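Single-letter residue listing:
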Amino acid sequence: MIRYLPKLMLTLDEIKDEPSLLIHALTGCMFHCFRCFNYEELVEKVHDEVYEIDDVVAYIQKQDHLFDNIILSGGELMLAPLESLISDLGLIRKTTQKPVIIYTTGLELAKMKNLHDRGLVDGYHIDMKLPYHLLTDDDYDLIEMTMGIRLRSLDLVKRLEEALAFVVETDAGKSQIRSVRYPFLDETAFAECKFHVDALNHRYNKSTPYFINAFIDPEATKK
Ligand code: SF4
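Remember, it's a predicted structure, so these values are computed and weren't measured experimentally.

A. Expanded view of the site of the ligand. Lining the immediate surroundings of the ligand are Cys29, Phe31, His32, Cys33, Cys36, Tyr39, Gly75, Thr105 and Lys129. For the shell around the ligand, a count of residues per class yields five nonpolar, three polar and one charged.

B. Local environment of helix α5 (residues 140-147). Listed in full, the buried residues belonging to α5 are Tyr140, Ile143, Thr146 and Met147. All buried residues of α5 project into a common sector of 130 degrees when viewed along the axis, lining one side. Lining the buried residues of α5 we find α6 (155-170). Just downstream of α5 lies glycine 148, where phi reads positive at about 75 degrees.

C. Here's a closer look at helix α2 (residues 53-63). Of the positions making up α2, those classed as buried are Ile53, Val56, Val57 and Ile60. Summarising the axial view, the buried residues of α2 lie within an arc of 95 degrees, below the 170-degree limit, and thus occupy one face. Within α2, the exposed residues directed more than 90 degrees away from the buried face are Asp54 and Lys62. Considering only its buried residues, α2 is in contact with β2 (18-24), β3 (69-73) and α3 (82-95).

D. Main features of the environment of histidine 125. By the element assignment, histidine 125 lies in strand β5 (residues 123-127). Distance in space between the C-alpha atoms of histidine 125 and leucine 135 is 22 Å, their sequence separation being ten residues. Within the structure, the side chain of histidine 125 is placed 3.2 Å from the backbone oxygen of lysine 174, a separation counted as a polar contact.

E. Geometry of the nonpolar core. Counting 60 residues, the largest nonpolar core has Leu72, Ile102, Met112, Leu115, Tyr124, Tyr132 and Ile143 as the members making the most contacts within it. Sort the elements by how many residues they give to this core and α6 lands first, with nine residues. Beyond its immediate stretch of four places on either side in the chain, tyrosine 132 contacts Asp127, Met147, Val157, Leu160, Glu161 and Leu164. Membership of the second largest hydrophobic core comes to five residues, among which are Ile15, Ile71, Ile101 and Tyr103.

F. Up close: the sheet that holds β2. The seven strands lie next to each other as β1-β2-β3-β4-β5-β6-β7, forming an open sheet whose pairing is mixed. Edge positions in the open sheet fall to β1 (9-15) and β7 (210-213), since each of these has one partner strand only. Between one strand and the next, the sheet's axes are offset by a mean angle of 30 degrees, whatever the strand orientation. Both β1 and β2 contribute to a ladder of four bridges, which runs antiparallel.

G. A look at the packing of aromatic side chains. Considering all chains together, one arrives at six aromatic pairs under this definition. Between phenylalanine 34 and tyrosine 182, the ring centres sit 6.2 Å apart and the planes meet at 85 degrees, which makes this aromatic pair edge-to-face. With phenylalanine 34 in the loop between β2 and α1 (39-44) and tyrosine 182 in the loop between β6 (176-180) and α7 (187-204), this residue pair connects regions lying 148 residues apart in the sequence. When sorted by exposure, phenylalanine 34 lands in the same class as tyrosine 182, which is buried. Note on tyrosine 124 and phenylalanine 166: the rings are 6.4 Å apart at their centroids and 55 degrees apart in plane angle, and the pair reads as tilted. Residue tyrosine 124 is found in strand β5, and its partner phenylalanine 166 is found in helix α6; the two are separated by 42 residues along the sequence. The class of tyrosine 124 is buried, set by a relative accessible area of 2%.

Analysis parameters
- Numbering of residues starts from 1 in every chain and runs along the sequence as written.
- pLDDT decides what is reported in this predicted model: residues at 70 or higher carry local features, side-chain atom pairs at 80 or more are listed and counted, and totals for whole chains, interfaces and linings draw on all residues regardless.
- By convention in this description, side-chain values take in all heavy atoms of the structure and omit both hydrogens and water.
- Near residues are defined by distance, with any heavy atom within 4 Å of the molecule or strand qualifying the residue.
- Each residue gets one label: Ala, Val, Leu, Ile, Met, Phe, Trp, Tyr, Cys and Pro are nonpolar, Asp, Glu, Lys and Arg are charged, and the others, such as Gly, are polar.
- Three exposure classes are used, based on accessible area relative to the maximum for each residue type with a 1.4 Å probe and protein chains only: buried under 20%, partly exposed in between, and exposed over 50%.
- The helix count covers DSSP runs of H or I at least four residues long, the strand count covers runs of E at least two residues long, and both are numbered beginning at the N terminus.
- To obtain the arc, one takes the directions from the helix axis to the C-beta atoms.
- Any two residues whose heavy atoms approach within 4.5 Å at even a single point are treated as in contact.
- For this analysis, a polar contact is any N or O atom pair within 3.5 Å, provided that within protein one partner can donate a hydrogen and the other can accept it, and provided that sequence-adjacent residues contribute only side-chain to side-chain pairs.
- For the purposes of this section, nonpolar cores are sets of buried Ala, Val, Leu, Ile, Met, Phe, Trp, Tyr and Cys residues that join through side-chain atoms within 4.5 Å.
- Paired strands, in this sense, are two strands between which DSSP finds at least two bridges.
- With axes taken as lines fitted to C-alpha atoms, and helix axes fitted only over the stretch in contact, angles between N-to-C directions fall between 0 and 180 degrees.
- Under the pairing criterion, centres of Phe, Tyr and Trp rings, with the six-membered ring standing for Trp, must be within 6.5 Å; the plane angle then separates stacked pairs below 30 degrees from edge-to-face pairs above 60, leaving the rest tilted.

This is the structure we're talking about:
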């Protein structure tokens, strides 16, 4: 059973000019990215009250006219068991015609493909935290600083790179790739990411957009 934050948000900030319903799943996260804005609330905190899928579906039924998209985010939603993802997304599909978008790091590519093949997801907004395609064994410190995990091989990075390609290849107009402007990254890192996304779009004849989101420092907002 997937637990959800009992605070569903109507937002105009996530997709330009399109009101969206943002749903956060309390499914943890494998990463601990540099000063993650959501980590305390969505990953570390033990919530006494949570929503289950029936609560989410009831909200959607009542408020369906207010938004154009449903966005499911984490933490990392895709850490939930596949059966639970299929079941919950299936219930959302039965409840509304609105497109369903999942925010993900891309680390669960097999689940992403499964949900896509079942027609349960209309788009993935996938992180490109670093120019994965350029990383080498010399970059483990940079990966740790950015994503909060210490790697001993580049296998995970390769999987993230494959997930990016999958998202572009299967994009039907609802997917995005996005980076965060971490303050320690040089502008060339984002130029390389953009270059890579352009190459994927060219390879698959797509136009998946690439965005660089501002870094929001949780320490600064606490002051
Ligand atoms: S993947 Fe997202 S939720 Fe997880 S630590 Fe990074 S920024 Fe935070």
